[in-house]
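# Overview (structure and organization)
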Amino acid sequence: MPPPTADRDPAAKVAFVSGAAANAGGVSGLHARLLLFPAYKALVDLLHRLGITGRRVVIAIPYLWLLAFFLAPFLIVLKISFAEIVIAMPPYTPLITFMEDGWIAFHASIDNYLFLLEDRLYIDSYLSSLKIAAIATLLALLIGYPIAYAMMRAPKRWRFALLMMVILPFWTSFLIRVYAWIGILKKEGLLNLALLNLGVIDQPLTILNTDTAVYIGIVYSYLPFMVLPLYANLEKMDLSLLEAAADLGCRPIKAFWVVTVPLSLPGIIAGCFLVFIPAVGEFVIPDLLGGSETLMIGKTLWSEFFNNRDWPLSSAVAVLLLLVLVIPIVLFQRMQERNAQL
Amino acid sequence: MKHGLSWFNVGSLVLGFLFLYLPIALLIIYSFNESRLVTVWAGFSTKWYSAMLQNSSLLGAAWVTLKVAFTSSCFATVLGTIAGLIMSRFGAFSGRTLFSGMIYAPLVMPEVITGLSLLLMFVAIALDRGFVTVTIAHITFSMCYVAVVVQSRLVSFDRSIEEAAMDLGCPPARTFFQITLPIIAPAVIAGWLLSFTLSLDDLVIASFTTGPGATTLPIQIYSQVRLGVTPEINAACTVLVGLVAAAVLTASLVTRRQEIRREAEERMAAATA
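An account of the accompanying structure is given in this report.

Conventions and cut-offs
- Residues numbered from 1 in each chain as written.
- Chains lettered and ligands numbered in written order.
- Predicted model: local features only at pLDDT ≥ 70, side-chain atom pairs only at ≥ 80, totals over all residues.
- Heavy atoms only, no water.
- Helix = DSSP H or I, 4+ residues; strand = E, 2+ residues; numbered from the N terminus.
- Buried < 20%, exposed > 50% of the residue type's maximum accessible area, 1.4 Å probe, protein only.
- Contact = heavy atoms within 4.5 Å.
- Areas by Shrake-Rupley, 256 points an atom, 1.4 Å probe, with all protein chains shown as cover.
- Lys, Arg positive; Asp, Glu negative; His and termini not counted.
- Charge placed at Lys NZ, Arg CZ, Asp CG, Glu CD.
- Patch = residues over 30% accessible without salt bridge, like charges linked within 9 Å, V, L, I, M, F, W, Y side chains within 5 Å.
- Salt bridge = Lys/Arg side-chain N within 4 Å of Asp/Glu carboxyl O.
- Axes fitted to C-alpha atoms, helices over the stretch in contact; angles between N-to-C directions.
- Parallel < 35°, antiparallel > 145°, perpendicular 65-115°, else oblique.
- Phe/Tyr/Trp six-rings, centres within 6.5 Å; stacked < 30°, edge-to-face > 60°.
- Lys NZ or Arg CZ within 6 Å of the ring centre and 35° of its normal.
- Core = buried A, V, L, I, M, F, W, Y, C linked by side-chain atoms within 4.5 Å.

## Side note on the overall build of chain B
Secondary structure assignment for chain B yields 11 helices and 0 strands. Secondary structure of chain B in N-to-C order comes out as α-α-α-α-α-α-α-α-α-α-α. Dimensions of chain B, computed from the C-alpha atoms along their principal axes, are close to 70 × 60 × 35 Å. Relative to its full complement of 273 residues, chain B shows a buried share of 55%. Partitioning the contacts of chain B with sequence separation of at least 6, the portion at a separation of at least 24 is 70%. Surface accessibility of chain B: about 12000 Å² in total, with carbon and sulfur atoms responsible for 69%. When the 16 basic and 14 acidic side-chain charges of chain B are each reduced to a single mean position, those positions are 3 Å apart.

## Topic: a negative patch on the surface
Residue and element names in this part refer to chain B. Taken together, the side chains of Asp158, Glu163, Asp167, Glu259, Glu263 and Glu266 make up a negatively charged region of the molecular surface. Considering every element that reaches the negative patch, the biggest residue donor is helix α11 (residues 231–272), with 3 residues. The residue Glu163 is located in helix α7 (residues 160–167) in this model. Look at Glu163 and you get partly exposed, because its relative accessible area is 43%.

## Regarding the packing of helix α5 (residues 120–153) of chain A against helix α14 (residues 297–306) of chain A
Residue and element names in this part refer to chain A. Look at α5 against α14: their axes get within 8 Å of each other, and the N-to-C directions meet at 140°. With respect to their mutual orientation, α5 and α14 come out oblique. Facing Leu121, Tyr122, Ser125, Tyr126 and Ser129 of α5, the residues of α14 in contact are Ile297, Thr300 and Glu304.

## A closer look at unusual backbone geometry
Residues and elements named next belong to chain A. With phi around 65°, Asn209 is a residue other than glycine that occupies positive phi space. By the secondary structure assignment, Asn209 is in the loop between α8 (190–198) and α9 (211–235). When its relative accessible area of 40% is taken as the criterion, Asn209 is described as partly exposed. Non-glycine residue Arg309 carries a positive phi angle of around 55°. Within the secondary structure layout, Arg309 lies in the loop between α14 and α15 (311–340).

## What to know about the pattern of salt bridges
Residue and element names in this part refer to chain A. Scanning the model with the defined rule gives 5 salt bridges over all chains in all. Note that Lys41 is salt-bridged to Asp45, the shortest N-O span being 3.4 Å. On the criterion of helical spacing, the pair formed by Lys41 and Asp45 is a turn pair, its members being 4 residues apart in helix α2 (residues 38–49).

## Brief notes about the side chain of Asn192 of chain A
Locating Asn192 of chain A in the fold gives a position in helix α8. Leave out the neighbours within four places in its chain, and Asn192 of chain A touches Ile184, Leu185, Lys186, Lys187, Ile201, Pro204 and Leu205 of chain A.

## Quick look at the packing of aromatic side chains
Following the criterion strictly, the structure yields 31 aromatic pairs over all chains and no others. Taking 5.3 Å as the distance between ring centres and 25° as the angle between the ring planes, the aromatic pair formed by Phe305 of chain A and Trp311 of chain A counts as stacked. Like Trp311 of chain A, Phe305 of chain A is buried. A centroid spacing of 5.2 Å and a plane angle of 15° characterise the contact between Phe32 of chain B and Phe44 of chain B, whose relative ring orientation is stacked. Taken together, the residues Phe32 of chain B in the loop between α1 (7–30) and α2 (47–54) and Phe44 of chain B in the loop between α1 and α2 connect sequence positions 12 residues apart. Judged by relative accessible area, Phe32 of chain B falls into the partly exposed class, the value being 23%. Judged by relative accessible area, Phe44 of chain B falls into the exposed class, the value being 61%. An aromatic cluster is built from Tyr92, Phe283, Trp302, Phe305, Phe306 and Trp311 of chain A together with Phe208 and Tyr222 of chain B, whose rings are joined through pairwise contacts. Against the face of Phe131 of chain B rests Lys67 of chain B, its NZ or CZ located 5.7 Å from the ring centre.

## Quick word on the nonpolar core
One finds Tyr145 and Val284 of chain A together with Phe99 and Phe208 of chain B to be the most contacted residues of the largest nonpolar core, which totals 181 residues. If you tally residues by element for this core, the top one is α5 of chain A, at 14 residues. When neighbours within four sequence positions are excluded, Val284 of chain A is seen to be in contact with Phe174, Leu175 and Val178 of chain A together with Leu203 and Val204 of chain B.

Set out below in structure tokens:
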């Protein structure tokens, strides 16, 4: 990027550009000059014969990082989910032990998974997470669609500001936004205060520490994830289609259902995935806003790990959660990949 | 059909933005409350801000968080920009499906899974938990966001400029630094900011991967929030919200101005060609 002064002073701009050129030329120029030396040329040739080209090196950098810090950790979770808990550091039994006489002992147990299927707590947590995430996703769609639609109908010069206003809360801390709701929803909180003063209710409502508070928290935190893909999709819509529908005698409300909604289906699906998948494994919202009877699997995993210190069992909980989510995640990824290559 | 807003449209915008902004606004207002009770207004006061500035554990955590966020967002921006470039410019290569899977999956992966798996791996390779492990964890999920932001910018820009440079004999690396990078710079900056705020914000993954001496601000805030809502936390949150909002607004205005200028330049170049 040119420094700010470069805009006003053409000479500075020329100097800056040629400076950058000399720099960039420096690296490839050095490479060209070094190629004259037999040793350097032999090294480059050898690397090429081994299949190590510049292109492959570039691919390898982020690829290896993700393999090491995203994929490998999952394999370790899978491995530990078949181990047993012991009081040691690390607190799980090894899967493979090298015996003194050269034998290798292999010790895997599916007890953790059997326990998860036996104890109602875990199955109920999975089912209740799916239910809460599904209802919250639907609510987010019902609230997000009118916002995205109105943004699309707004005059062009407003759209950037409206878009920024949707994105801005997403940049502010998630934890803080959830925390803000505690002061609003609690018994002596601002919502009850307002409703009591308006005379809508006589008794303060109990909202905090119930599932309702969790719904509010999820919808509030994930609303931008719903509005943005919807808006991106609706913005591309050809408004003359609605005109054509009106010319043919279709009423606006019917045209909305017959034309707009089907056309925005990709946006609806993307938004629902972006809300639903992370919401299933949500921890902060059920922990801060939900009650003791709010069961969500992210919370169960957290307490299994931090309170009970049962690493193998929490690994098994994570593996099963991933199995529950793998279908929506793969569908989401396919859709993203298709959009990326357009 | 007219291109305009109906009452229903205006209503949904107003209610939608009230819903998005009112909780944050109330949080900020009550950080200036004289009373310790969060819901009773007892007059304007900045005493919670001075209380916050004397809370050394809060300040220490803030410093750790800033260091982690700065380091991880720099690394994540470099790795993510390369990844975005690979996704949109490198065509087919063996292992591409796995690669794009590893880019998109972290975006929706529940944080408890990412956090747990990274922790178990750090234990398995006997890496002491602390600043380094939190930073590695943050680089890993942030770089995926950067990759997506950079990639969507690369998809939308005119490839013929890059092709022209290469046709004229410019090597690929130099083409990238002289042609591509300046054009996608707004997306790269946006990616850096996004990584920075994601790191600033993360509670779950940091809780799993941190160790003694590397308590981040969200972990500190969380442990105090569990004890109850206090105006001091409101004050800390207000400062954080204010900083992020100011940074994002400035960055978006700057990049928007640059984008408008660049579009004008591209149009001029096309007209003179």
